[in-house]
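# Residue-level structural notes
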Amino acid sequence: MEEEFVTHSARETEEAGSRFATNLKSGDIVLLTGELGAGKTTFVQGVARTLNVKSRVISPTFVLVRKHRGKIDHKKINMYHIDLYRLEGSFDIKNLGLDDIFEDVNGIFLIEWGEKHENLRATYEVGIEVLNNGERKIRIQTNE
């Protein structure tokens, strides 16, 4: 299934992430694509709000993985915000230890630049495209 819509501000992009998060459950892998500055982290901030994450959500570009604690229906979850932008090839990605991270049964995984991981099987793919005047076209594809 695929859904597509346009947001007109960062606030609307964050709100789109918040609405999207109502579908998430433990074990879901979300692949986020879009050019630099497209709004991937803004979208994740909306997801985090709905997942009751209290810590500040910022881009994990330099640390690669940020783990945030949250809740879905009073059940504790771990939201992993992962950024593969700076990685070069499958060797770097393998050394990041994603396979170990994916073993977290309470984990929800949001991966920016996930297209760099050639064997990644995502539950959802979220593509964000920059349009005119700060607008963003967001395409959400379900792969279940």
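These numbers come from a predicted model, not from an experiment.

What follows covers the overall build of the protein. If you tally the helices and strands in the protein, you get 4 helices and 7 strands. Here the protein, with 144 residues, has 45% of them falling under the buried criterion. Sequence separation of at least 24 residues holds for 63% of the intrachain contacts in the protein that already meet a minimum separation of 6. In the form shown here, the protein has an accessible surface area of approximately 8000 Å², with 46% of it arising from carbon and sulfur atoms.

What follows covers helix α1 (residues 10–21). The terminal C-alpha atoms of α1, which comprises 12 residues, lie 17 Å apart, in line with the 16 Å expected from a rise of 1.5 Å per residue. Those residues of α1 that sit buried are T13, A16, G17, S18, F20 and A21. Summarising the contacts, the buried residues of α1 are in contact with β1 (2–7), β2 (29–33), α2 (40–50), β6 (124–130) and β7 (136–142).

On inspection of all chains with the given rule, the structure shows 4 salt bridges. Between R49 and E14 there is a salt bridge, and its shortest N-O distance comes to 2.9 Å. Placement of R49 in helix α2 and of E14 in helix α1 is noted, with a sequence separation of 35 residues between them. Owing to a relative accessible area of 40%, R49 belongs among the partly exposed residues under this scheme. Residue E14 is classed as partly exposed on the basis of its relative accessible area of 22%. The salt bridge partner of E15 is R49, with a shortest N-O separation of 2.8 Å. Placement of the pair is E15 in helix α1 and R49 in helix α2, with a sequence separation of 34 residues. When salt bridges with common partners are traced through the structure, they connect E14, E15 and R49 into a single cluster.

So, how was this worked out
Residues numbered from 1 in each chain as written. Predicted model: local features only at pLDDT ≥ 70, side-chain atom pairs only at ≥ 80, totals over all residues. Heavy atoms only, no water. Helix = DSSP H or I, 4+ residues; strand = E, 2+ residues; numbered from the N terminus. Buried < 20%, exposed > 50% of the residue type's maximum accessible area, 1.4 Å probe, protein only. Contact = heavy atoms within 4.5 Å. Areas by Shrake-Rupley, 256 points an atom, 1.4 Å probe, with all protein chains shown as cover. Expected span 1.5 Å × (residues − 1). Salt bridge = Lys/Arg side-chain N within 4 Å of Asp/Glu carboxyl O.

Any functional reading would require information beyond the geometric quantities listed.
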